[in-house]
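# Structural overview for review
If you want the building blocks of each chain, they are given just below.
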Amino acid sequence: HGTHNAPNPYGASKFMVERILSDYRAAYGLQSIVLRYFNACGADPDGEIGELHDPEERLIPRAMMALQGYITDFAVHGDDFPTPDGTAIRDYVHVSDLADAHVTALSRVCEGQQGTYNLGTGTGYSVRQVLDAIESETGRKLPRVFGPRRPGDVPVLVADPSSAKMELNFTASRSDLTTIVKTAWAWHLTAHPYRGGPPAAE
């Protein structure tokens, strides 16, 4: 995330945009603040907005779609990482916390502030821990199917949000795993049907 040693093309492309913003700032005075998301997740606490991609590739919504019968090919990408339980560890940050950070950053960039900030919690959860939390919240069992790692996946990716806390007053107050899963599941229970087909009969 945002270093010249980015482990995959996605990370490299993000770093390239950061470099372009820096160049434009130097050449033309364009003010900008860079916000580096970690794993954005969760849903609007009021249930009005949630996560739905086509195709959906993210862990939490795919797990919930599997529980609802919308997909049948749910699998975990890798169980042989050098981590305590063999699954990848990531820093999950609630979209509402990210939205708050954007509002703050917009006001600060208008005041002339600049900088690059990691938006995360500083705490990582493994894929198994996330799936356990989903099962606990929903009361349903997920299929534990494990597939190969995806190319470019690193074992652990956790933010250092210290600069965001100090300079943007960023606090990931809704990014505990329970709140993330609870809000995401509430949205999935009321969301419009997915494009992948009808849900399984209850």
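Everything below is about the structure printed above this text.
Below: a short report on this structure. (Residues numbered from 1 in each chain as written. Predicted model: local features only at pLDDT ≥ 70, side-chain atom pairs only at ≥ 80, totals over all residues. Heavy atoms only, no water.)

### Examining the pattern of salt bridges
Per the counting criterion, the structure on display carries 12 salt bridges. The closest approach of N and O atoms between Glu18 and Arg36, which form a salt bridge, is 2.8 Å. With Glu18 in helix 1 (residues 9–28) and Arg36 in strand 1 (residues 33–37), the pair connects residues that are 18 residues apart, well separated along the chain. Classification of Glu18 as buried rests on a relative accessible area of 14%. Arg149 is paired through a salt bridge with Asp80; the nearest N and O atoms lie 2.9 Å apart. Placement of Arg149 in the loop between strand 8 (146–147) and strand 9 (156–157) and of Asp80 in the loop between strand 3 (76–77) and strand 4 (89–90) is noted, with a sequence separation of 69 residues between them. (Salt bridge = Lys/Arg side-chain N within 4 Å of Asp/Glu carboxyl O. Helix = DSSP H or I, 4+ residues; strand = E, 2+ residues; numbered from the N terminus. Buried < 20%, exposed > 50% of the residue type's maximum accessible area, 1.4 Å probe, protein only.)

### Things to note about the environment of Asp153
Within the secondary structure, Asp153 is located in the loop between strand 8 and strand 9. According to the relative accessible area criterion, Asp153 is partly exposed, its value standing at 23%. With 65 residues separating them along the chain, Asp153 and Ala88 place their C-alpha atoms 8.2 Å apart. Leaving out residues up to four positions away in the same chain, Asp153 has contacts with Phe81 and Arg90. Side chain to side chain, Asp153 and Arg150 meet in a polar contact 3.1 Å long. (Contact = heavy atoms within 4.5 Å. Polar contact = N/O pair within 3.5 Å; in protein donor to acceptor, adjacent residues only side chain to side chain.)

### Comments concerning the sheet that holds strand 9
The strand order across the open sheet formed by three strands is 7-4-9, and the pairing between neighbours is mixed. Every interior strand has two partners, whereas the edge strands, strand 7 (125–126) and strand 9, have only one. (Pairing = 2+ DSSP bridges.)

### With respect to the packing of aromatic side chains
Geometry of an aromatic ring pair is reported as the spacing of the ring centres plus the angle between the planes. In the structure shown here, the tally under the stated rule is one aromatic pair. Here Tyr24 and Tyr28 contribute two aromatic rings whose centre-to-centre distance is 5.0 Å and whose plane-to-plane angle is 55 degrees, an arrangement assigned as tilted. One end of the pair is Tyr24 and the other is Tyr28, both in helix 1 and four residues apart, which spans about a single turn. Judged by relative accessible area, which is 42%, Tyr24 ranks as partly exposed. Classification of Tyr28 as exposed rests on a relative accessible area of 64%. Residue placement shows Arg149 over the ring face of Phe81; its charged tip is 4.4 Å from the ring centre. (Phe/Tyr/Trp six-rings, centres within 6.5 Å; stacked < 30°, edge-to-face > 60°. Lys NZ or Arg CZ within 6 Å of the ring centre and 35° of its normal.)

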